[in-house]
Amino acid sequence: MKFVYYSNTDWYLWNFRRSLVLALRNAGHDVLLISPDGPYGEKLRGLGVRWQPVPMERRSLNPLRELALLWYLVRLLRREQPDLVHGFTIKCAVYGALAARLAGVPARVSAVAGLGYVFISDSFLARSLRPLVRVLLKVALGGRNARLILQNPDDVALFQRAELVDPSRIRLIPGSGVDTIRFAPDPERMPGPRIRVLLAARLLWDKGLAEYVQAARLLHARQVPVELLLAGDPDPGNPAAVPEAEVHGWVNQGLLQWLGHVDDMPALFRSVDIVSLPSYREGLPKSLIEAGACGCALIATQVPGCQDVICHGVDGLLVPPRDGVALADAIERLVQDGQLRARLAVAAREKALALFDERIVIARTLDVYHELLGRPVG
């Protein structure tokens, strides 16, 4: 069979769906990956599958350009004649499903990891786009041969309340899965004189960077023996992007260290003690799961997605969103209480093994394909 995967970045396909792509390839299927052009395209081709750049601008609101993109996708799918199209993130889920419908593709799967900028932001632009996005979602996700994969129960409830899709077409699959063999603790590592805290995310305000910096100021003022790290690239294609100059300003003030892009995330997670994600909303945050699998103590916000990874006081700590003081207090608590930090880290690893191992997620995704196509895929 032939499958087409469509995402808004080649980075996403490489970091979040590589194992699923390999599972299909190893089962003998033809896989075409499409995304805007980027540095991971050749890496994706190195997996033994096809990758093709598409003329998509993530921030475009030009109707003519968007119609041209949709028509490009329709022509591509008519030429390829895949059995199934799977789109990731809202824009690709909508466009991929619409194009697949117009091209007569037998099966459509849309995976939405959180509701993104349009539904999170309170800006005028985001609020004005919501009605249009809702209509497009209803059209794209309709029909017997479509399925919507969501990552947390809050998003399932939200889509059902908004009547965006028939509830019988929704499937709940927790995230994209984590390789718990690659992401594993270093049994010989001992904490240093300063506890190392990491925020690993794209440089977006929605990820809680302002609150992380506020917590850094408070912790330094309290003289807490802590080292704060930030890993991640700028994301200029996102309206919530943090200007790179602002990040350099935080570094120059001595508030944190910015590592930029990090290729070896397992090694980074194994080198820190605490991983924090003060996000405003998530689908299911893979960075938290990977960090937990590596035996880090976790701190996140009590919002959809994060609270599906962490049970407060059991395998991590949850703090209110947009509250830098509470974040600083939680970090200080784990810095001062080594026993609690160790207990939460062990529990986070156990949860990653039980619920979020990529083999579980891949199997459930292939079950959705089987359901739509009427024959086994794996």
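Cut-offs applied
Residues numbered from 1 in each chain as written. Predicted model: local features only at pLDDT ≥ 70, side-chain atom pairs only at ≥ 80, totals over all residues. Heavy atoms only, no water. Disulfide = S-S within 2.5 Å. Buried < 20%, exposed > 50% of the residue type's maximum accessible area, 1.4 Å probe, protein only. Pairing = 2+ DSSP bridges. Helix = DSSP H or I, 4+ residues; strand = E, 2+ residues; numbered from the N terminus. Axes fitted to C-alpha atoms, helices over the stretch in contact; angles between N-to-C directions. Contact = heavy atoms within 4.5 Å. Phe/Tyr/Trp six-rings, centres within 6.5 Å; stacked < 30°, edge-to-face > 60°. Lys NZ or Arg CZ within 6 Å of the ring centre and 35° of its normal. Salt bridge = Lys/Arg side-chain N within 4 Å of Asp/Glu carboxyl O.

Below, the discussion takes up the state of the cysteines. Under the counting rule described, the total for this entry stands at 0 disulfides. C294 forms no disulfide, and the closest cysteine sulfur to it belongs to C296, at a distance of 6.0 Å. C311 carries a free sulfur, and the closest cysteine sulfur to it, the one in C306, is 14 Å from it. Residue classification places C311 among the partly exposed positions, given a relative accessible area of 38%.

Strand order in the open sheet made by the 6 strands is β10-β9-β8-β11-β12-β13, with parallel pairing throughout. For this open sheet the edge positions go to β10 (257-260) and β13 (317-319), each flanked by a neighbour on one side alone. Across the sheet, the mean angle separating the axes of adjacent strands is 25 degrees when strand polarity is ignored. In this sheet, β10 lies alongside strand β9 (residues 226-231) in parallel orientation, the contact comprising 3 bridges. Note that in β10 the partner of L229 across the bridge is Q257. Packing against the sheet, helix α9 (residues 209-221) makes contact with β8 (195-200), β9 and β11 (274-277), and its axis sits at approximately 160 degrees to β9.

Here we come to the packing of aromatic side chains. Remark: the centre distance and the inter-plane angle together describe each pair of aromatic rings, the angle taken between the planes. This model, assessed by the stated rule, comprises 8 aromatic pairs. Residues W11 and F16 carry aromatic rings whose centres are separated by 5.4 Å and whose planes lie at 70 degrees to one another, so their mutual orientation is edge-to-face. A relative accessible area of 29% places W11 in the partly exposed class. Overall, F16 belongs to the partly exposed group, its relative accessible area being 22%. Summarising the aromatic geometry, the rings of W205 and W250 are spaced 6.1 Å apart at their centres and angled 75 degrees between planes, so their arrangement reads as edge-to-face. Remark: W250 occurs in helix α10 (residues 244-252) and W205 occurs in the loop between β8 and α9; sequence separation between them is 45 residues. The exposure class assigned to W205 is partly exposed, which follows from its relative accessible area of 28%. Aromatic ring contacts, followed pair by pair, group Y5, W11, Y12, F16 and F88 into a single cluster. Sitting over the ring of W14, R18 keeps its end group 4.3 Å from the ring centre. It is R322 that lies over the ring of Y280; its NZ or CZ is 3.8 Å from the centre.

Within this structure, the stated rule accounts for 19 salt bridges. A salt bridge links D83 to R375, with the nearest nitrogen and oxygen atoms 3.7 Å apart. Residue D83 is found in the loop between α4 (63-80) and β4 (84-88), and its partner R375 is found in the segment after α16 (358-373); the two are separated by 292 residues along the sequence. Exposure remark for D83: the relative accessible area of 19% places this residue in the buried category. Residue R222 pairs with D329 through a salt bridge whose shortest N-O separation is 3.0 Å. Placement of R222 in the loop between α9 and β9 and of D329 in helix α14 (residues 324-336) is noted, with a sequence separation of 107 residues between them. Assessed through its relative accessible area of 32%, R222 is described here as partly exposed. Residue D329 is classed as partly exposed on the basis of its relative accessible area of 38%.

Turning our eyes to something else, we now look at the pairing of strand β6 (residues 146-150). Burial within β6 is extensive, with 5 of its 5 residues counted as buried. Neither face of β6 is open: one carries A146, L148 and L150, the other R147 and I149, and all of them are buried. One ladder, built from 5 bridges, connects strand β5 (residues 107-112) with β6; its direction is parallel. The partner of V109 across the bridge, within β6, is R147. Summarising the sheet, β6 and strand β7 (residues 170-172) pair through 3 bridges and their orientation is parallel. Within β7, the position partnered with L148 by the bridge is I170.

Glancing now at the side chain of Q151. Take Q151: it is sitting in the loop between β6 and α8 (153-161). Judged by its relative accessible area of 9%, Q151 falls in the buried class. Leaving out residues up to four positions away in the same chain, Q151 has contacts with R17, V112, A113, L172, I173, P174, G175, S176, G283 and L284.

Take unusual backbone geometry next. Peptide bonds are mostly trans, and most non-glycine residues show a negative phi. Positive phi is not limited to glycine here, since T89 has a value of about 75 degrees. Mapped onto the secondary structure, T89 falls in the loop between β4 and α5 (90-103). Phi is positive for R322, close to 60 degrees, though the residue is something other than glycine. Relative to the helices and strands, R322 is located in the loop between β13 and α14.

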